[in-house]
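Below are the chains, spelled out letter by letter.
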Amino acid sequence: KTFVLNLSNDENNIDITFRSISDTKFNITIDFSKVFLFMTSNVGAKEGNKYGSIGFGDIKTKASDNVFNDSFLPEFRGRLDLALAFNELDNKQLLKVIELEIKKLENTLAKQNITLVSTENDYKKILKKIDDTEAGARSIKRFIETTIKVKIAEMIILETSKKRKILLENLI
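This text gives an overview of the structure that appears in the document. Bear in mind that the values here come from a model prediction, so they are computed numbers and not experimental data.

## Quick notes on the packing of aromatic side chains
So, step 1. Scanning all chains against the criterion turns up one aromatic pair.
So, step 2. An angle of 35° between the planes, with centres 5.3 Å apart, marks the rings of Phe-72 and Phe-76 as tilted.
So, step 3. Judged by relative accessible area, which is 22%, Phe-72 ranks as partly exposed.

Structure, rendered in structure tokens:
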């Protein structure tokens, strides 16, 4: 499909056309012939939680179709090859996200010779502490950033973790 989007203001004129993007101000063209363009939106997030299955899926319910159609002009919708709905994550999936985020933190700390010890019970405690599970992974990342990482940073700065071993359960 040909996709043309013209974004312009007084200083810049960007023209996105089939297989390339051209910037007339800087006289450059970038090849996009092998690029997939993904656009995200929270359109239908509230309504979508009432319908469908967990995870990715085609927009199938009448209610989600109506919200999608009401939110975007037909000219725009006609240029889309596919629209997917992503529904709310359940607790099992949220626990997996928590585990992945904590494992990333463990790997980062390991490079500084600090061991972070975590258990599945710790992940469950984190899930209980999160107020807004409807925000999914964002609320998990926010909790880890603002609570756990802050406490670890304080421990490192104040050198209260001289043993270089931190129990996650003490940070929750």
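Next, the rest of the story.
## Quick word on the packing of helix 4 (residues 91–110) against helix 6 (residues 137–158)
So, step 1. It is the contact of helix 4 with helix 6, at a shortest axis distance of 11 Å, that shows an interaxial angle of 30°. Judged on the interaxial angle alone, helix 6 and helix 4 are roughly parallel. In this structure, helix 4 meets helix 6 at a crossing whose hand is right-handed. Side by side, helix 4 and helix 6 meet where Leu-94, Val-97, Ile-98, Glu-101, Ile-102, Leu-105 and Leu-109 of the first sit next to Ala-137, Ile-140, Lys-141, Ile-144, Ile-148, Lys-149, Ile-152 and Ile-156 of the second.
So, step 2. Grouping the constituent residues of the contact of helix 4 with helix 6 by class yields 12 nonpolar, no polar and three charged.

Parameters and conventions
- Residues numbered from 1 in each chain as written.
- Predicted model: local features only at pLDDT ≥ 70, side-chain atom pairs only at ≥ 80, totals over all residues.
- Heavy atoms only, no water.
- Phe/Tyr/Trp six-rings, centres within 6.5 Å; stacked < 30°, edge-to-face > 60°.
- Buried < 20%, exposed > 50% of the residue type's maximum accessible area, 1.4 Å probe, protein only.
- Axes fitted to C-alpha atoms, helices over the stretch in contact; angles between N-to-C directions.
- Helix = DSSP H or I, 4+ residues; strand = E, 2+ residues; numbered from the N terminus.
- Parallel < 35°, antiparallel > 145°, perpendicular 65-115°, else oblique.
- Left-handed = near helix turned anticlockwise from the far one by under 90°.
- Contact = heavy atoms within 4.5 Å.
- Nonpolar A, V, L, I, M, F, W, Y, C, P; charged D, E, K, R; others polar.

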